[in-house]
Amino acid sequence: MAHDINISGLQKSYQNKSVLGPLDLALEAGTITAIIGRSGCGKTTLLRCLGGLEQPSKGSITIGDGHLAARDIGYVFQEPRLMPWLTVEKNAWFGLAHASSSERRQAAVEALGVVGLTHAAKLLPKELSGGMAQRVSLARALAPRPEVLLLDEPFSALDPFTREQMQEHLLHLHRHYGATMVLITHDMDEALALAHRVIVLSGPPGIVAGDFVTNLSKPADRTSARFFEWKRKLTELLSNRSSEPEALSDDFTRRRTA
Amino acid sequence: MPLLLLGLWQGAAAEGLVSPAILPSPVLVMNTLLAMAQSGEMAQAVGATALRMLLGFSLGVAAATVLGGLCGASRQARALIDPLIQALRSVPSLAWVPLFILWLGIFEASKITLVAVGVFFPVYLNLVSGIANVDRKLLEVGRIHGYSPLRRLMRIQIPAALPSYVVGLRSGLGLGWMFVAAAELLGATNGLGFILDDGEQTGRPERVLAALLLFGLCGKITDWVLALGGRRLVSWQDIDVARGANG
């Protein structure tokens, strides 16, 4: 069962310099939430706090009932971060160290199948293209069947064609696994195409500048007028040309604006 | 280049430009090697030296691997052990000889220990630096998946440190041959170092040169074997093989 995520009064500072928060967010179980914002606004810091890679300076994060095993959270980094000495298959089961070998193999085969890399199971990372390597990192995050999947600009280094393919993969995965997903991205097309909810961060320190449920179909039709209208509004918000999200048309559901 | 030098050497010896008591001709050196091979002296000497080398190298590598792994993985262990090792490193290795002879006697144990000391430091230093410098990003992958510090060490840090470890092994091997020669020169009744000493004492430079050639050959062969094994061990590295440090 997917978990909801509750963020309460979250703040992060480095050497007394605040980089994030205060943030209060409740992310529903089983949804995809995109977090967008300019470079340095604290998006990645927020995700690292969610993944336990950073300790919040203040506030708290509760995922599900708060009793999580490591395998309940999957994390896809901006770069693949594959272990270069392991084959694709062994990288895919890297998150299943505690499982039996048959369980690991089965989970890796399944996860590689989902990302379309069954044929590459015996290859080493150095033999993969950038897109393939990132798909392996996605398989690694998925193999333990996490309840929460955190994605930090996972497709930013890919060419537009591969990126779109990977986005389709991600939606397929969401349908397949139903995990709660939090996606950090610079790419508004990506945010609108994939996410049920888009949160705009401004900063630093990163605070919520806009919080919307898009109600676009998944995958979203990127040529539709509604898609373009959303994109225009988000662009305005990000470029600070519009500080009044209330101006959004009635077609859009606005959840909360900080 | 080696052939050119050999030609020049033979030419100088044939023309009598250099006294045979200083530099005997390559032909004489080859004849000496053949005689040593036929009498069994070569096999006996190479065997004795190689055995000392093997035991000393194994001991040095084992100690360096255990201590290097510990210091690389644990800050507390590094704070406790590393300063002492660094202090010992600054003592010239040959300066240990009198103490080893006092403690372990003049026979095999002191020679093997001296080789082990020579091998220890490069292996230890490369392993510690290899483990300590593992990419933080890879370690974070382990953290995300709930790896314990021990599992991170075994599954991430040690494999990632292998290229550096292999470099350390090769440096240690080179130093090991140097120290086995020194140990045998300081007092041995067999081995290649003994032939070096014997050649000097009896005024037979062809024996000295023959022993040097055998030392060089042994060093080259063992380095080649280690390089080959090392290359297999780190074949996953995405480097230009022609320029690779482990090639």
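Predicted model only: the values in this text are computed from it and were never measured. (Residues numbered from 1 in each chain as written. Chains lettered and ligands numbered in written order. Predicted model: local features only at pLDDT ≥ 70, side-chain atom pairs only at ≥ 80, totals over all residues. Heavy atoms only, no water.)

## Observations regarding the domain arrangement of chain A
Residues and elements named next belong to chain A.
Piece 1. Split by domain assignment, chain A resolves into domain 1 (5–68 + 148–254) and domain 2 (82–146).
Piece 2. Using C-alpha coordinates to define each centre, domain 1 is positioned 26 Å away from domain 2.
Piece 3. Listed as interface residues are 15 residues of domain 1 and, on the opposing side, 14 residues of domain 2.
Piece 4. In this assembly, domain 1 and domain 2 are joined by 0 salt bridges.
Piece 5. In this assembly, domain 1 and domain 2 are joined by 2 residue pairs in polar contact (both at pLDDT 80 or more).
Piece 6. Mapped onto the side of domain 1 that touches domain 2, the elements with two or more residues apiece are β6 (148–152) and α5 (160–177).
Piece 7. Looking at the side of domain 1 that touches domain 2, the element that brings in the most residues is α5, giving 8 residues.
Piece 8. Taken together, the residues of the side of domain 1 that touches domain 2 break down into 11 nonpolar, 4 polar and no charged. (Domains from an automatic or database assignment. Contact = heavy atoms within 4.5 Å. Salt bridge = Lys/Arg side-chain N within 4 Å of Asp/Glu carboxyl O. Polar contact = N/O pair within 3.5 Å; in protein donor to acceptor, adjacent residues only side chain to side chain. Helix = DSSP H or I, 4+ residues; strand = E, 2+ residues; numbered from the N terminus. Nonpolar A, V, L, I, M, F, W, Y, C, P; charged D, E, K, R; others polar.)

## Quick word on the interface of chain B and chain A
By a widely used convention, the size of an interface equals the accessible area lost when the partners come together.
Piece 1. Contacts between chain B and chain A engage 20 residues on the former and 22 residues on the latter.
Piece 2. Contact between chain B and chain A buries roughly 2000 Å² in total, counting both sides, with carbon and sulfur atoms accounting for 62%.
Piece 3. Together, I144(B), H145(B) and W236(B) form the three largest contributors to the area buried by chain B at its contact with chain A, with a combined 36%.
Piece 4. For the pair chain B and chain A, the number of links is 3 salt bridges.
Piece 5. When the shortest N-O distance is used, the salt bridge between E140(B) and R81(A) registers 2.7 Å.
Piece 6. On the surface where chain B and chain A come into contact, there are 8 residue pairs in polar contact (both at pLDDT 80 or more).
Piece 7. Sorting the residues of the side of chain B that touches chain A by element identifies α7 (136–144) and α8 (149–185) of chain B as the ones contributing at least two each. (Buried area = accessible area lost by both parts, 1.4 Å probe.)

## Thoughts on empty space enclosed by the protein
Residues and elements named next belong to chain B.
Piece 1. What the rule picks out here adds up to 2 cavities of 30 Å³ or more.
Piece 2. As for the largest cavity, its lining consists of V97, F100, I101, I106, S110, K111, L114, A183, L186 and G187.
Piece 3. Elements that contribute at least two residues to the lining of the largest cavity include exactly α5 (97–104) and α6 (108–132).
Piece 4. Along the lines of polarity and charge, the residues of the lining of the largest cavity split into 7 nonpolar, 2 polar and 1 charged. (1 Å grid on protein atoms, 1.4 Å probe; cavity = no way out; pocket = protein on both sides within 12 Å on 5 of 7 lines; lining within 4 Å. Points joined across faces, edges and corners; volume = space filled by probe spheres on them.)

## Details of a nonpolar patch on the surface
Residue and element names in this part refer to chain B.
Piece 1. Together, L217, I221, W224, V225 and L228 line one region of the surface with nonpolar side chains, adding up to about 510 Å² of accessible area.
Piece 2. Position of W224 among the secondary structure elements: in helix α10 (residues 205–233).
Piece 3. Accessibility expressed as a relative area gives 54% for W224, which makes it exposed. (Patch = residues over 30% accessible without salt bridge, like charges linked within 9 Å, V, L, I, M, F, W, Y side chains within 5 Å. Areas by Shrake-Rupley, 256 points an atom, 1.4 Å probe, with all protein chains shown as cover. Buried < 20%, exposed > 50% of the residue type's maximum accessible area, 1.4 Å probe, protein only.)

## Digging into the packing of helix α9 (residues 192–201) of chain B against α10(B)
All names here are of chain B.
Piece 1. Running from N to C, α9 and α10 point in directions that differ by 160°, and their axes come no closer than 7 Å. When the axis of α9 is compared with that of α10, the two are roughly antiparallel. As α9 packs across α10, the resulting crossing turns out to be left-handed. For the pair α9 and α10, contact is made by L192, G193, I195, L196, D198, G199 and E200 and by P205, R207, V208, A211, L212, L214, F215 and C218, respectively.
Piece 2. Of the residues that constitute the contact of α9 with α10, the class distribution is 10 nonpolar, 2 polar and 3 charged. (Axes fitted to C-alpha atoms, helices over the stretch in contact; angles between N-to-C directions. Parallel < 35°, antiparallel > 145°, perpendicular 65-115°, else oblique. Left-handed = near helix turned anticlockwise from the far one by under 90°.)

## Digging into the sheet that holds strand β2 (residues 17–27) of chain A
All names here are of chain A.
Piece 1. Taken in spatial order, the 3 strands make up an open sheet running β2-β1-β4, and their pairing is antiparallel. In this open sheet, the two edge strands, each paired with only one partner strand, are β2 and β4 (58–63). Between one strand axis and the next, the sheet turns by 20° as a mean value, whatever way the strands run.
Piece 2. Across 7 bridges, the pairing between strand β1 (residues 5–14) and β2 is antiparallel. Counterpart to K12 in the pairing with β2 is L20.
Piece 3. Contacts from helix α1 (residues 43–51) reach β1, β2 and β4, with the element oriented near 120° to β1. (Pairing = 2+ DSSP bridges.)

## Topic: the side chain of D223(B)
Residues and elements named next belong to chain B.
Piece 1. Along the chain, the position of D223 falls in helix α10.
Piece 2. A distance of 3.0 Å separates the side chain of D223 from the side chain of R170, its partner in a polar contact.
Piece 3. Beyond its immediate stretch of four places on either side in the chain, D223 contacts R170 and L173.

## Things to note about the pattern of salt bridges
Piece 1. Applying the stated criterion across every chain, the model contains 21 salt bridges over all chains.
Piece 2. Taking the shortest distance from any N to any O, the salt bridge between R48(A) and E140(B) comes out at 2.5 Å. With R48(A) in helix α1 and E140(B) in helix α7, this residue pair bridges two chains. We note that R48(A), like E140(B), is buried.
Piece 3. A salt bridge links R81(A) to E79(A); its shortest N-O distance comes to 2.5 Å.
Piece 4. The class for E79(A) is partly exposed, based on a relative accessible area of 26%.
Piece 5. It is possible to trace a salt-bridge network through shared partners that takes in K12(A), R48(A), E54(A), E79(A), R81(A), R136(B), K137(B) and E140(B).

## Side note on helix α3 (residues 101–114) of chain A
Piece 1. Across its 14 residues, α3(A) extends 20 Å between first and last C-alpha, which sits within 8% of the 20 Å expected from 1.5 Å per residue.
Piece 2. Restricting attention to buried positions, one finds in α3(A) the residues R104(A), A107(A), A108(A), A111(A), L112(A) and V114(A). With its buried residues spanning 150° around the axis, α3(A) presents them on a single face. Residues of α3(A) that are exposed and angled more than 90 degrees away from the buried face: S102(A) and Q106(A).
Piece 3. The secondary structure elements touched by the buried residues of α3(A) are α2 (88–92), α4 (130–142) and α5 of chain A together with α8 of chain B. (Expected span 1.5 Å × (residues − 1). Arc of directions from axis to C-beta.)

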